Amino acid sequence: MTDPELDAELDSGVETAPPAASLREVVERSDVLVCCGSGGVGKTTSAAVIAMDAARCGRRVVVVTIDPARRLSDALGLESGLSAEPQRIDLDQDVHVEGEMWAMMLDTAATFDGLVRTYADDEEQIERILTNGFYRNMASAMSGTQEYMAAETLHALHHDDRFDLVVVDTPPSRNALDFLDAPGVLSRFLDHRIFKLAMLPTRSGLKVLGSAAQPIFKAIGKVVGSDVLADSLAFFQAFSGMETGFRERADDVVALLRADRTSFVVVASPRRDTITEAVWFARQLADQGVGVAAAIVNRVQPEFGEIEEPARATDGDDVLSSLWANVAELRAVRTAELAALAPLVELTEPAPVQVVPLLGDDVHDLDTLEQLGHHLFPAT
Ligand SMILES: Nc1ncnc2c1ncn2[C@@H]1O[C@H](COP(=O)(O)OP(=O)(O)O)[C@@H](O)[C@H]1O
Ligand SMILES: [Mg+2]
């Protein structure tokens, strides 16, 4: 198979940097780092550990978590929990930390409201949109809104002078495109015929729907109910004039997601089904021309060192021999888990794949995050 872009690049003599040799190198080369993967694999935890390590390396990092669970904010030592405003995390406890770590939690509805405030013409338009029932429902519940607002937040933070690295934990999804494609979905929606028809009445200054649109909206009204239809038409009309701003913004967000210094890290756990999912995820990204910069395989059965069962040492000792049997079993689990990674390693190569062991306990404090950091970023 030939890759026209690669060929063009080779022809033009532009040198491409060699692939990153480690996760740390991937982080060093990024301004934006997106942790993606299916639910429960450790995306939120990995995002926090990556941010912490980058701060220790001198960067000013903000990590955006999607997870409303308090566990991460507890782990970060934030008594009042995380909010939609970035908060500085005190890492300077034992040793001086050169960089800065900030953390915040995505607030989908507030982010959407902020966009409306940015692009509306006046207070009256803002008010009409923010109090509209269809809008309120869409801002918090419509599928894709969370993904788009995560991408939007990433864009805003990327342009915030306080930070030089944004680490984002994506919403749990089985589909990589939910996040990558969300800004495109918004643009296409704004281009959609129905949307354009709905905008017609205000554009032409009429208070009633244009005759071309009436039959369509009558039909829609029968399906969704006339209240919902009235609300949604009122919303579209209030939205009039803002679509250009929204579309340009969505285009900027799309460009940022595909920028050279934006890296996607796929997080997986070593079970065969989640590896299959991670492989599918990585393929979807590749199909969109976005390479996986690194993979993290989290919660792998830890190693039990090199010691072998001494010959005859356990003769007659039931406790000792059952302990050895246990060690053998756990070693077999680790071997099977490492074997299960093969398809992911194959697909992401030469990008680094970092294996992180299962800890004895949940991640509940800064020390545990740091402990995971030693595994995610082993000293060379
Ligand atoms: N290496 C690990 N060892 C033990 N527990 C872990 C490890 N990584 C994550 N966890 C725990 O697993 C759970 C899920 O992790 P989380 O980061 O919230 O996943 P995700 O964001 O992908 O849903 C959390 O309770 C977290 O503390
Ligand atoms: Mg999470």
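Rules behind the numbers
Residues numbered from 1 in each chain as written. Chains lettered and ligands numbered in written order. Predicted model: local features only at pLDDT ≥ 70, side-chain atom pairs only at ≥ 80, totals over all residues. Heavy atoms only, no water. Core = buried A, V, L, I, M, F, W, Y, C linked by side-chain atoms within 4.5 Å. Buried < 20%, exposed > 50% of the residue type's maximum accessible area, 1.4 Å probe, protein only. Contact = heavy atoms within 4.5 Å. Helix = DSSP H or I, 4+ residues; strand = E, 2+ residues; numbered from the N terminus. Expected span 1.5 Å × (residues − 1). 1 Å grid on protein atoms, 1.4 Å probe; cavity = no way out; pocket = protein on both sides within 12 Å on 5 of 7 lines; lining within 4 Å. Points joined across faces, edges and corners; volume = space filled by probe spheres on them. Nonpolar A, V, L, I, M, F, W, Y, C, P; charged D, E, K, R; others polar. Near = heavy atom within 4 Å. Polar contact = N/O pair within 3.5 Å; in protein donor to acceptor, adjacent residues only side chain to side chain. Areas by Shrake-Rupley, 256 points an atom, 1.4 Å probe, with all protein chains shown as cover. Sits in = over half its atoms within 2 Å of the grid points. Phe/Tyr/Trp six-rings, centres within 6.5 Å; stacked < 30°, edge-to-face > 60°. Lys NZ or Arg CZ within 6 Å of the ring centre and 35° of its normal. Arc of directions from axis to C-beta. Salt bridge = Lys/Arg side-chain N within 4 Å of Asp/Glu carboxyl O.

1. Here we look at the nonpolar core
Point 1. Judged by nonpolar contacts, the single largest core of 59 residues is most densely connected at Tyr135 and Phe264.
Point 2. Every residue in contact with Phe264, bar those within four places of it in the chain, is listed here: Val34, Cys36, Phe179, Leu180, Leu257, Leu285, Val290, Gly291, Val292, Ala293 and Ala294.
Point 3. Within the second largest apolar cluster, 41 residues are counted, among which are Val41, Ile89, Ala103 and Leu366.

2. Some details on helix α3 (residues 43-56)
Point 1. The end-to-end C-alpha separation of α3 is 20 Å, in line with the 20 Å expected for 14 residues at 1.5 Å each.
Point 2. Most of α3 sits out of view: 12 of its 14 residues are buried.
Point 3. Every buried residue of α3 is listed here: Lys43, Thr44, Ser46, Ala47, Ala48, Val49, Ile50, Ala51, Met52, Asp53, Ala54 and Ala55.
Point 4. Where α3 terminates, the next one or two residues include Gly58, which has phi positive at roughly 100 degrees.

3. With respect to the layout of surface pockets
Point 1. The volume enclosed by the second largest pocket comes to roughly 570 Å³.
Point 2. What lines the second largest pocket is a set of 25 residues, among which Gly40, Gly42, Thr45, Arg71 and Arg299 lie closest to the centre.
Point 3. Among the elements of the structure, α3, α4 (71-75) and β7 (292-300) are those that each provide at least two residues to the lining of the second largest pocket.
Point 4. Looking at side-chain class alone, the lining of the second largest pocket contains 11 nonpolar, 7 polar and 7 charged residues.

4. Considering the site of ligand 1
Point 1. If you check the shell around ligand 1, you find 18 residues, and the closest are Gly40, Lys43, Thr44, Thr45 and Arg299.
Point 2. Here an oxygen atom of ligand 1 sits 3.1 Å away from a polar atom, N or O, in the main chain of Val41.
Point 3. Measuring from an oxygen atom of ligand 1, one finds a side-chain N or O atom of Thr45 at 2.5 Å.
Point 4. Here ligand 1, which alone exposes 560 Å², has 89% of that area covered by the protein.
Point 5. A molecule is said to occupy a pocket when more than half its atoms come within 2 Å of that pocket's grid points, and by this definition ligand 1 occupies the second largest pocket.
Point 6. When residues of the shell around ligand 1 are traced back to their parent elements, those giving at least two are α3 and β7.
Point 7. The greatest single-element share of the shell around ligand 1, amounting to 3 residues, is contributed by α3.
Point 8. Its residues assigned to classes, the shell around ligand 1 shows 6 nonpolar, 6 polar and 6 charged.

5. Focus on the packing of aromatic side chains
Point 1. All chains considered together, the criterion is met by 4 aromatic pairs.
Point 2. With centroids separated by 6.2 Å and ring planes inclined at 45 degrees, the aromatic side chains of Phe112 and Phe246 adopt a geometry described as tilted. You can see Phe112 sitting in helix α5 (residues 108-119) and its partner Phe246 sitting in helix α14 (residues 243-257), a full 134 residues away along the chain.
Point 3. Its relative accessible area of 5% is what places Phe112 among the buried residues.
Point 4. Between Tyr119 and Phe246, the ring centres sit 5.7 Å apart and the planes meet at 55 degrees, which makes this aromatic pair tilted. Of the two residues, Tyr119 sits in helix α5 while Phe246 sits in helix α14, which places them 127 residues apart along the sequence.
Point 5. Among the aromatic residues, those joined into a ring-pair cluster are Phe112, Tyr119, Tyr135 and Phe246.
Point 6. The ring of Trp102 is capped by Arg162, whose NZ or CZ atom sits 5.5 Å from the centre of that ring.

6. Focus: empty space enclosed by the protein
Point 1. For the coordinates displayed, the defined rule picks out 2 cavities of 30 Å³ or more.
Point 2. Looking at the second largest cavity, its volume works out to about 40 Å³.
Point 3. Lining the second largest cavity are Gly42, Thr45, Ser46, Val49, Ile296, Asn298, Val356, Leu372 and Leu376.
Point 4. At the level of elements, α3, β7 and α18 (366-376) are the ones that each hand at least two residues to the lining of the second largest cavity.
Point 5. It is α3 that provides the largest number of residues to the lining of the second largest cavity, a total of 3 residues.
Point 6. For the lining of the second largest cavity, the class distribution of residues is 5 nonpolar, 4 polar and no charged.

7. A word on the environment of Arg258
Point 1. One can find Arg258 in the loop between α14 and β6 (262-268).
Point 2. Each C-alpha atom of the pair Arg258 and Leu180 lies 8.8 Å from the other, and the pair is 78 residues apart in sequence.
Point 3. A distance of 2.6 Å separates the side chain of Arg258 from the backbone oxygen of Gln288, its partner in a polar contact.

8. Things to note about α18
Point 1. Of the positions making up α18, those classed as buried are Leu366, Thr368, Leu369, Leu372, Gly373 and Leu376. One side of α18 carries all its buried residues, which in axial view fall inside an arc of 160 degrees. Residues Asp367 and His374 are exposed on α18 and point more than 90 degrees away from its buried face.
Point 2. Buried positions along α18 lie against α2 (23-28), α3, α4, β7 and β8 (353-357).

9. Topic: the environment of Phe304
Point 1. In this fold, Phe304 is placed in the loop between β7 and α16 (318-340).
Point 2. For the pair Phe304 and Ala328, spaced 24 residues apart in sequence, the C-alpha to C-alpha distance is 9.3 Å.
Point 3. Those residues within four positions of Phe304 in sequence are excluded, and the remaining contacts are Val327, Leu330 and Arg331.

10. Some details on the pattern of salt bridges
Point 1. Counted under the stated rule, the structure contains 12 salt bridges.
Point 2. Here Arg162 and Asp160 are joined by a salt bridge, their closest N and O atoms 2.8 Å apart.
Point 3. Residue Arg162 is classed as partly exposed on the basis of its relative accessible area of 33%.
Point 4. Each member of the salt-bridge network shares a partner with another, and the members are Arg59, Arg60 and Asp164.

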